[in-house]
Amino acid sequence: MNTPLPNPLDLTDCRYLVTGAASGIGRATASLFAALGARVSLIDLDGGLLGELADSLPGGGHDYHVHDLADVDGIDALVRKVVSEGGLLHGMVHAAGTQVVMPARDIKPETWRHILAVNTEAALALARNMARKRVCQGGGSVVFISSIMALAGGAGSVAYSMSKSALHGLARSLALELAPIGVRVNCIAPGFVRTPMFDRLERGWDAAQRDAVEALHPLGFGEAEDIAHAAAFLVAATGRWITGTVLVVDGGYLAK
Ligand code: NAD
């Protein structure tokens, strides 16, 4: 009789903090992690959506916290609360993100500072907690959701590109700092993925523009689950020798 192979994506007995969990990629990631056996702590702006999701996830022990991640100074206290109420963390996925499409000549400093706070500074403020024994003991994994706009650029995308490419440098340096305690840090750079953020962008396009953007993806637009799969791969045992890197998941956008 053959012994069944262990599932290297199994997340049983692990607990992850997922930001942006009310919608799109964060929601799909939290759902997949829970389906793989993890407990998840959901962070976003909308408590109603988070509560519904927490109740619908498989397994028990999920919780949620409403926090505006633009309040970077409040993030240490948020993480302390997450840990004191639900226990130690095995990792984090920072999927919360915000974007405006605006040419450099028009964008205001307060707008780009808000984008940087949510997309980038919050990532550092969250992830540095993984170095603290009261938060994480014995290894873990952090994933930042960046974007192909960190690698390819796009007109009207200056603030967003700046915020996402900074995540790549952050991940590399933090990976080196945290490797001695067994914590891995990586980015996922998605192409255009059908989520509410995508829907908001799409409303600004006519049919020809939409087709042109889709044609940049040889495999077509992605789904939130495509990014969730990559996040699971990185946090689980499948990613145990991967740190300080950027996993591009873009339907071939950057293959040209
Ligand atoms: P989404 O708008 O569906 O979800 C983003 C979530 O982040 C929302 O639930 C929102 O409430 C939350 N959020 C935004 N600002 C917040 C704040 N200040 N505090 C707390 N939560 C906040 O978008 P999505 O497409 O799922 O995007 C998820 C991540 O993926 C983002 O970082 C985005 O930049 C990145 N991304 C998306 C695409 C795409 O095409 N959809 C492509 C590349 C990268």
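What comes next is a walk through the structure. Not measured: the values here are computed from a predicted model. (Residues numbered from 1 in each chain as written. Predicted model: local features only at pLDDT ≥ 70, side-chain atom pairs only at ≥ 80, totals over all residues. Heavy atoms only, no water.)

1. Looking at the side chain of Arg-184
Tracing the chain through its elements places Arg-184 in strand β6 (residues 183–190). Separated by 2.7 Å, the side chain of Arg-184 and the backbone oxygen of Leu-234 make a polar contact. A polar contact is formed between the side chain of Arg-184 and the backbone oxygen of Ile-242, at a distance of 3.1 Å. Those residues in contact with Arg-184 that sit more than four places away from it in its chain are Gly-140, Ser-141, Val-142, Leu-234, Val-235, Ala-236, Gly-239, Arg-240, Ile-242 and Thr-243. (Helix = DSSP H or I, 4+ residues; strand = E, 2+ residues; numbered from the N terminus. Polar contact = N/O pair within 3.5 Å; in protein donor to acceptor, adjacent residues only side chain to side chain. Contact = heavy atoms within 4.5 Å.)

2. A few points about the site of the ligand
Around the ligand, a shell composed of 28 residues is seen, among which Ser-23, Ile-25, Asp-44, Tyr-160 and Thr-195 lie nearest. Within the side chain of Ser-23, one N or O atom sits 2.6 Å away from an oxygen atom of the ligand. Separating an oxygen atom of the ligand from a backbone N or O atom of Val-193 is a distance of 2.7 Å. Elements represented by at least two residues in the shell around the ligand include exactly α1 (24–35), α5 (158–178) and α6 (196–202). The element best represented in the shell around the ligand is α6, accounting for three residues. (Near = heavy atom within 4 Å.)

3. Brief notes about the packing of aromatic side chains
One pass over the structure, following the stated rule, counts five aromatic pairs. When the centroid spacing of 6.0 Å and the interplanar angle of 55° are considered together, the rings of Phe-192 and Trp-205 count as tilted. Linking Phe-192 in the loop between β6 and β7 (193–194) with Trp-205 in the loop between α6 and α7 (207–215), this pair joins segments that are 13 residues apart in sequence. Looking at Trp-205, the relative accessible area reads 22%, which means it is partly exposed. Plain terms: the ring middles of Phe-198 and Phe-221 are 4.8 Å apart, the flat faces sit at 70° to each other, and that makes the pair edge-to-face. A residue pair is termed long-range when its members are at least 10 positions apart, and Phe-198 in helix α6 and Phe-221 in the loop between α7 and β8 (222–223) qualify at 23 residues. Among the residues examined, Phe-221 registers a relative accessible area of 6% and is labelled buried. The rings of Phe-192, Phe-198, Trp-205, Phe-221 and Tyr-253 are connected pair by pair, giving a single aromatic cluster. We note Lys-256 situated over the ring of Tyr-253; from NZ or CZ to the ring centre the distance is 5.0 Å. (Phe/Tyr/Trp six-rings, centres within 6.5 Å; stacked < 30°, edge-to-face > 60°. Buried < 20%, exposed > 50% of the residue type's maximum accessible area, 1.4 Å probe, protein only. Lys NZ or Arg CZ within 6 Å of the ring centre and 35° of its normal.)

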